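The lines below spell out each chain.
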Amino acid sequence: MNVYGSVAELATALADSVEHWVADAVAARGSAHLVLAGGSTPAALHAVLAERELPWASVHIYFGDERCVPPDHGDSNYRAARETLLSQVAVPQENVHRMDGEAGAQGALAYRDLLPPRFDVVLLGMGEDGHTASLFPGRPSLNSDESVLFIDDSPKPPPERITLGFRPLNAARHVAFMVAGAGKADALEQIRRGVPLPAGRVRPQDGTLTFYVDRAAANQEHV
Ligand code: 6PG
């Protein structure tokens, strides 16, 4: 777990790693398959990445999850990514693989056909209950082996979402969590103790796993 004094420092360090991982992927295979996280934390990372000279023309963008709302809705993860990153870098539009949230279960089925054999970089957030993407504690979806799922029981509104399942997450070359704020400290501590919360069940079989956290989430405010 990498602990940083501020979200800005966290975002800069993670952007450095993303830049390195993407460059390695493009050098090795001619393209990089990058999964963006939902929620609000990624905005700080996107602001830094938007200023970096990545080989954007060779990058394919995917989403860890999406709310079942139109792409211009205030809850849309796609809209947030477009506004904070995708509208500012030269990723070809055809390389942006949006989850068709408004299509619900059909959108989840369709997204399965868009997945690459392996993601190079998966960025994830974590909720205060230890959820990640739209994989929530105690939900039947945690036991699914499907690569992409439609769920209608999210305790974090809106209830209907499309999410990647554990299988593609755990097949990734590099997985990085961005976790900030004191509200996440309890879930993070549980995960460090081995409690199998959803974010703790992301364990790449043959890839790296790194938590990028701020002091508040690491419960190190006093140090
Ligand atoms: C979503 C996200 C979700 C998010 C966490 C953290 O669509 O809600 O994918 O998993 O990453 O809830 O959200 P914040 O970054 O807003 O705290």
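Reference entry: report on the structure contained in this document. (Residues numbered from 1 in each chain as written. Predicted model: local features only at pLDDT ≥ 70, side-chain atom pairs only at ≥ 80, totals over all residues. Heavy atoms only, no water.)

### Details of the pattern of salt bridges
Applying the stated criterion across every chain yields a total of 12 salt bridges. In this structure, Arg52 engages Glu19 in a salt bridge whose closest nitrogen and oxygen atoms are separated by 2.8 Å. Taken together, the residues span a long stretch of sequence, with Arg52 in the loop between helix H2 (42-49) and strand S3 (59-63) and Glu19 in helix H1 (residues 7-29) at a distance of 33 residues. Classification of Arg52 as buried rests on a relative accessible area of 19%. (Salt bridge = Lys/Arg side-chain N within 4 Å of Asp/Glu carboxyl O. Helix = DSSP H or I, 4+ residues; strand = E, 2+ residues; numbered from the N terminus. Buried < 20%, exposed > 50% of the residue type's maximum accessible area, 1.4 Å probe, protein only.)

### Considering unusual backbone geometry
Residues Pro157 and Pro158 are joined by a peptide bond in cis, for which omega reads -5°. Residue placement: Pro158 occurs in the loop between strand S6 (148-151) and strand S7 (161-164). Positive phi outside glycine occurs at Ala133, with the angle close to 50°. Note on placement: Ala133 falls in the loop between strand S5 (121-124) and S6.

### Regarding the sheet that holds strand S1 (residues 2-4)
Taken in spatial order, the 6 strands of this open sheet run S1-S9-S8-S5-S2-S3, and their pairing is parallel. In this open sheet, the two strands that pair with only one neighbour each are S1 and S3. Strand after strand, the sheet turns through a mean of 20° between neighbouring axes, direction not considered. Pairing of strand S8 (residues 174-179) with strand S9 (residues 208-214), which is carried by 6 bridges, proceeds in the parallel orientation. For Val175, the partnering residue across the bridge sits in S9 and is Leu209. (Pairing = 2+ DSSP bridges. Axes fitted to C-alpha atoms, helices over the stretch in contact; angles between N-to-C directions.)

### Examining the packing of aromatic side chains
Scanning all chains against the criterion turns up 4 aromatic pairs. An angle of 65° between the planes, with centres 5.1 Å apart, marks the rings of Tyr62 and Phe119 as edge-to-face. Separated by 57 residues along the polypeptide, Tyr62 in strand S3 and Phe119 in the loop between helix H4 (104-112) and S5 bring together distant segments of the chain. The buried category is assigned to Tyr62, whose relative accessible area is 3%. What makes Phe119 buried here is its relative accessible area of 2%. Ring centres of Phe177 and Phe211 lie 4.4 Å apart, and the angle between their planes is 5°; this geometry places the pair in the stacked category. Taken together, the positions of Phe177 in strand S8 and Phe211 in strand S9 put the pair 34 residues apart, joining distant regions of the chain. (Phe/Tyr/Trp six-rings, centres within 6.5 Å; stacked < 30°, edge-to-face > 60°.)

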